[in-house]
Amino acid sequence: MKVLHIYREKNKGDIGGVENHIQYVAAEQLKLGLIPSILSFSLDTKDSITIENKNGIKWFHLTLYQGRITKLLLQGSNFFSRTGFITAVFERIFQNYIIKQKIKVINQIEPDIIHQHDYLSSIRLSIKLSKKHKIIFTNHYGEYLFLKKTKLTNYIQRSFLNHFDAIIASSKELLPAMNNCHQIYNGVDISIFREVSDEEKSQLKSKLKIEGKIALICARRWAPTKGIIHLATAINLLDEKIQKKIVLLFAGNESDDFQKYKLKVQCELDKSSNVDIRYFGNITHDKLSELINASDIGVIPSLMEGLSLFSVELISCGIPVLATNVGGIPEIVQNNKNGWLVPPGNALKIAEEIMKIVQNWPDSNLKFETAEFRRLYSWGGITQQIVNIYNTN
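Note that the structure is predicted; figures quoted are calculated from it, not measured.

### Digging into the pairing of strand E7 (residues 166-169)
Here E7 shows no split at all, with Ala166 and Ile168 on one side and Ile167 and Ala169 on the other all buried. Alignment of strand E6 (residues 134-139) against E7, held across 4 bridges, turns out to be parallel. Its bridge partner being in E7, Ile136 is matched across the sheet by Ala166.

### What about the sheet that holds strand E9 (residues 214-219)?
Across the sheet, 6 strands lie side by side as E11-E10-E9-E12-E13-E14; this open sheet has parallel pairing. The open sheet is flanked by strand E11 (276-279) and strand E14 (339-342), the only strands paired with a single partner. When strand polarity is set aside, the average angle formed by the axes of neighbouring strands in this sheet is 20°. Where strand E13 (residues 321-324) lies against E14, 4 bridges are found, and the strand directions are parallel. What sits directly across from Leu322, in E14, is Trp340. Sitting on the sheet, helix H13 (residues 309-316) is in contact with E9, strand E12 (297-300) and E13, with an inclination near 170° to E12.

### Topic: helix H12 (residues 285-294)
Taking burial as the measure, the 10 residues of H12 include 7 buried ones, the bulk of the element. Turning to H12, its buried residues number three or more, namely His285, Leu288, Ser289, Leu291, Ile292, Asn293 and Ala294. Against helix H1 (17-31), helix H8 (198-208), E9, strand E10 (246-251) and H13 lie the buried residues of H12.

### Remarks on the packing of aromatic side chains
Applying the stated rule across the entire model yields 9 aromatic pairs. Measuring from centroid to centroid gives 6.5 Å for Tyr7 and Trp59, while their planes differ by 85°, and the two rings are edge-to-face. Taken as a pair, Tyr7 in strand E1 (residues 2-8) and Trp59 in strand E4 (residues 57-65) lie far apart in primary sequence, 52 residues in all. Trp59 carries the same exposure label as Tyr7, and that label is buried. Geometrically, the ring pair formed by Phe137 and Phe164 is stacked, given 4.8 Å between the ring centres and 20° between the ring planes. A residue pair is termed long-range when its members are at least 10 positions apart, and Phe137 in strand E6 and Phe164 in the loop between helix H7 (151-161) and E7 qualify at 27 residues. Here Phe137 matches Phe164 in class, with each residue buried.

### Comments concerning the side chain of His140
Looking at the secondary structure, you find His140 in the loop between E6 and helix H6 (143-147). The exposure class assigned to His140 is buried, which follows from its relative accessible area of 18%. Side-chain polar atoms of His140 contact the side chain of His117, separated by 3.1 Å. For His140, the contacting residues outside a window of four places in its chain are Val18, His21, His117 and Leu174.

### Considerations on the sheet that holds E4
The strand order across the open sheet built from 8 strands is E3-E4-E2-E1-E5-E6-E7-E8, with neighbouring strands paired in mixed fashion. The open sheet terminates on both sides in strands that have one partner only, identified here as strand E3 (48-54) and strand E8 (181-183). Ignoring strand direction, the axes of neighbouring strands in this sheet form an average angle of 20°. Its contacts with the sheet put H1 on E1, strand E2 (35-44), E4 and E6, and the angle it makes with E1 is roughly 175°.

### Quick look at the nonpolar core
Within the largest apolar cluster, 49 residues are counted, with the highest numbers of intra-cluster contacts made by Ile217, Ile292, Leu314, Ile332 and Tyr390. It is helix H17 (residues 379-392) that contributes the most residues to this core, 6 residues altogether. Residues Ile6, Leu43, Ile57 and Leu64 belong to the second largest nonpolar core, which totals 42 residues.

### Some details on the packing of H1 against H17
Where H1 meets H17, the axes come as close as 9 Å, and the angle between the chain directions of the two elements is 75°. As far as their axial angle goes, H17 and H1 are roughly perpendicular. Of the residues in H17, those in contact with His21, Tyr24, Val25, Glu28 and Gln29 of H1 are Trp379, Gly380, Thr383, Ile386, Val387 and Tyr390. Grouping the amino acids of the contact of H1 with H17 by side-chain chemistry returns 6 nonpolar, 4 polar and 1 charged.

### Quick notes on the environment of Asn186
On the secondary structure map, Asn186 appears in the loop between E8 and H8. As a C-alpha pair, Asn186 and Asp286 span 100 residues in sequence and 18 Å in three-dimensional space. Residues in contact with Asn186, not counting those within four places in the same chain, are His21, Ser170, Leu307, Leu309, Val312, Tyr377, Trp379 and Ile382. Polar side-chain contacts of Asn186 include one of 3.1 Å to the side chain of His21. Within the structure, the side chain of Asn186 is placed 2.7 Å from the backbone oxygen of Leu307, a separation counted as a polar contact.

### Examining the packing of H8 against H12
Axis separation between H8 and H12 bottoms out at 8 Å; the angle between their running directions is 105°. Classified by the interaxial angle, the pair formed by H8 and H12 is roughly perpendicular. Contacts between H8 and H12 involve Lys201, Leu204, Lys205, Lys207 and Leu208 from the first element and Glu290, Leu291, Ile292, Asn293 and Ala294 from the second. Residue composition of the contact of H8 with H12, grouped by class: 5 nonpolar, 1 polar and 4 charged.

### Concerning the pattern of salt bridges
When their charged atoms lie close together, side chains carrying opposite charge are able to pair. Scanning the model with the defined rule gives 12 salt bridges in all. Across the pair Glu305 and Lys226 runs a salt bridge, and its minimum N-O distance is 3.7 Å. Residue Glu305 is located in the loop between E12 and H13, and its partner Lys226 is located in the loop between E9 and helix H9 (228-237); the two are separated by 79 residues in the primary sequence. Overall, Glu305 belongs to the buried group, its relative accessible area being 8%. Between Lys356 and Glu353 there is a salt bridge, with its nearest N and O atoms 3.7 Å apart.

What counts, and at which threshold
Residues numbered from 1 in each chain as written. Predicted model: local features only at pLDDT ≥ 70, side-chain atom pairs only at ≥ 80, totals over all residues. Heavy atoms only, no water. Buried < 20%, exposed > 50% of the residue type's maximum accessible area, 1.4 Å probe, protein only. Helix = DSSP H or I, 4+ residues; strand = E, 2+ residues; numbered from the N terminus. Pairing = 2+ DSSP bridges. Axes fitted to C-alpha atoms, helices over the stretch in contact; angles between N-to-C directions. Contact = heavy atoms within 4.5 Å. Phe/Tyr/Trp six-rings, centres within 6.5 Å; stacked < 30°, edge-to-face > 60°. Polar contact = N/O pair within 3.5 Å; in protein donor to acceptor, adjacent residues only side chain to side chain. Core = buried A, V, L, I, M, F, W, Y, C linked by side-chain atoms within 4.5 Å. Parallel < 35°, antiparallel > 145°, perpendicular 65-115°, else oblique. Nonpolar A, V, L, I, M, F, W, Y, C, P; charged D, E, K, R; others polar. Salt bridge = Lys/Arg side-chain N within 4 Å of Asp/Glu carboxyl O.

This is the structure:
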């Protein structure tokens, strides 16, 4: 069975949660005897395609000419948008009008199943492809939740979803009320994201020179829906004594989109003169697992979320999670068991929770078993569930 995974690259070459999800699923599918390939597409100054072979899986990188007018419109929308949100919406609309090259590449690949991993950017493409191909859609995105907010947009959204043979979502929040829908969790590479001994943790802290500090890690893309600005504001609300006891580690903070939002976040963080803040940018999973295991608390301040892959990685490593109670997060983060839940968009509540944790540390640290969690969220088991859906639809 030839399976083609398709998605829109947020920023050319960046590896985020969706990209990692696809890579792991494709690798497991290869082990099961399927023939997976991956098609990504992004906007650039000219049409081009590059083909890579990564561990036996063909990866097609398609760049599409955005045109001078479109480039000006994207720049203009970014200028008038405080966060870059308008630009993101415009790009998704534009992607629906440049499908000819995508279809050409897909026809050359000749897949038996197309597995779509982006949403609004590919609606027109997948409707057209559904006339000839079986299409499975995995709903990763908060844009689904955005359209779900009103009766009108929810009604329109149903017309976007009707053509899929099956819909998969990692959380109940992202799962439409339709007969062909299946909840399958995001997975974790249990060989990388694992608990370490106290001695190993001390060594990792020493390597980063953060001994004696309570380390908070936030590995999130700096986009408006990720709520990073509320974490930045919360840090500035902390007492000076608390600020000096913590170190804040950021990963995933480098991307080309939402530049105004990123600047706003950085300006807020720059006010935190008493806090040791480290920026690691976009890093590999091996490096991320090191940072997680050197940390004491993971922070997820999202305003909208499906089931955060970062939360799964944290819990798999035995690191408690301070998170907002949005989307699918409360499905795995249990208050005062493996983490702490706060309302979204509330910097004061985040600050209060951090102060409470730090003031009572280490008694406030949460210890929990991870063996069953790691079994449930392993990529092997998750991929088998996905393949079962391929075979029954």
